[in-house]
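Here's the letter readout for the chains.
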Amino acid sequence: MLSPAESTPPISSEHTWRRRIFHLAAALLVPAAALILGYKPAFYLAAVGAAALAAVECVRLLVPAVNRRVVLWVGPLMKPRERRSPTAASHLAIASLLVLFLFGTPIATLALVFVALGDPVAGIVGTRYGRLRVRLVGSRPGSKSVEGTLAFFAVSLAAAAVLWAAGAHDMLWIAAVGAATAALVEFTPIPLEDNFTVPLASAFVMWLLWVT
């Protein structure tokens, strides 16, 4: 039997907006540090963040009393399933560290900006305006919309263009392919957390195109 702190109350729109704002801020933290401070400070920030969140996740999932306390503190930022499993924030922190370590500043910055902006925009557009929904094998009924995916791609492409104009990278067409990859991975019902698969997949595709 679940305790009151671990129960799953209806998710209000206010809580949804809190999660989206938190997601945006958390996902932009590492790329902003990389652009402003450089690679090393951003890498150290990503490493500390990933290690801290991984430690908290291990403790709270192994110790029910700790989990109840964490849910009580940050429950409004959590999805119902995250109360008993690793959070999207932890997946994002690990992905941020990996893409920065494996692919360097320009590619990691783009990949993380894609998931930071594209994911919440896709959710907003899909929820409010999504009419064309494609049921893929393994997906939940009505979980993704074509309109949301197109919005993901559009805002990611716009962000890539802004970063290109600001001199943050010199591979606009590659960034466009990366934005499309991120949107398609977010749309596809891969049985892994989007905050992990989207930046890694888009970064890998951009890296392949950049080095060939």
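Since this is a predicted model, take the numbers as computed values, not measurements.

How each quantity is defined
- Residues numbered from 1 in each chain as written.
- Predicted model: local features only at pLDDT ≥ 70, side-chain atom pairs only at ≥ 80, totals over all residues.
- Heavy atoms only, no water.
- Core = buried A, V, L, I, M, F, W, Y, C linked by side-chain atoms within 4.5 Å.
- Buried < 20%, exposed > 50% of the residue type's maximum accessible area, 1.4 Å probe, protein only.
- Helix = DSSP H or I, 4+ residues; strand = E, 2+ residues; numbered from the N terminus.
- Contact = heavy atoms within 4.5 Å.
- Patch = residues over 30% accessible without salt bridge, like charges linked within 9 Å, V, L, I, M, F, W, Y side chains within 5 Å.
- Areas by Shrake-Rupley, 256 points an atom, 1.4 Å probe, with all protein chains shown as cover.
- Salt bridge = Lys/Arg side-chain N within 4 Å of Asp/Glu carboxyl O.
- Phe/Tyr/Trp six-rings, centres within 6.5 Å; stacked < 30°, edge-to-face > 60°.

Trainee: I tried to follow the nonpolar core on my own but got confused; where do I start?
Mentor: One broad trend across soluble globular proteins is that nonpolar side chains are buried collectively. Grouped together as the largest cluster of nonpolar side chains are 35 residues, with contacts concentrated most on Val 99, Leu 110, Phe 114 and Met 206. Contributing elements (two or more residues each) for this core: α1 (13-36), α2 (39-62), α4 (88-103), α5 (105-129), α6 (146-165), α7 (172-187) and α8 (194-211). Residue contacts for Leu 110: discarding those within four places in its chain leaves Ala 160, Leu 163, His 169, Met 171, Ala 175 and Met 206.

Trainee: What exactly am I supposed to notice about the environment of Ala 154 here?
Mentor: Along the polypeptide, Ala 154 turns up in helix α6. Taking the relative accessible area as the measure of exposure, Ala 154 reaches 44% and is therefore partly exposed. Here the alpha-carbon distance between Ala 154 and Gly 118, two residues 36 residues apart in the chain, equals 8.2 Å.

Trainee: How should a nonpolar patch on the surface be read in this particular structure?
Mentor: Side chains of Phe 22, Leu 72, Trp 73, Val 74 and Leu 77 sit close together on the surface and give an oily, nonpolar patch of about 500 Å² of accessible area. With respect to the element layout, Trp 73 can be found in helix α3 (residues 64-74).

Trainee: Explain the packing of aromatic side chains here, please?
Mentor: Two numbers describe a pair of aromatic rings. These are the distance of the centres and the angle of the planes. Per the stated rule, a full pass over the model turns up 5 aromatic pairs. With centroids separated by 6.3 Å and ring planes inclined at 65°, the aromatic side chains of Phe 43 and Tyr 44 adopt a geometry described as edge-to-face. Under the relative-accessibility criterion, Tyr 44 is labelled exposed at 52%. Consider the rings of Phe 103 and Trp 207, whose centres lie 6.2 Å apart with planes at 55°: the pair is tilted. In this pair, Phe 103 is assigned in helix α4 and Trp 207 in helix α8, connecting sequence segments 104 residues apart. Overall, the relative accessible area of 32% leaves Trp 207 in the partly exposed class. By the ring-pair criterion, three or more aromatic residues cluster together here, those being Tyr 39, Phe 43, Tyr 44 and Phe 101.

Purely geometric stuff here, so don't read any function into it on its own.
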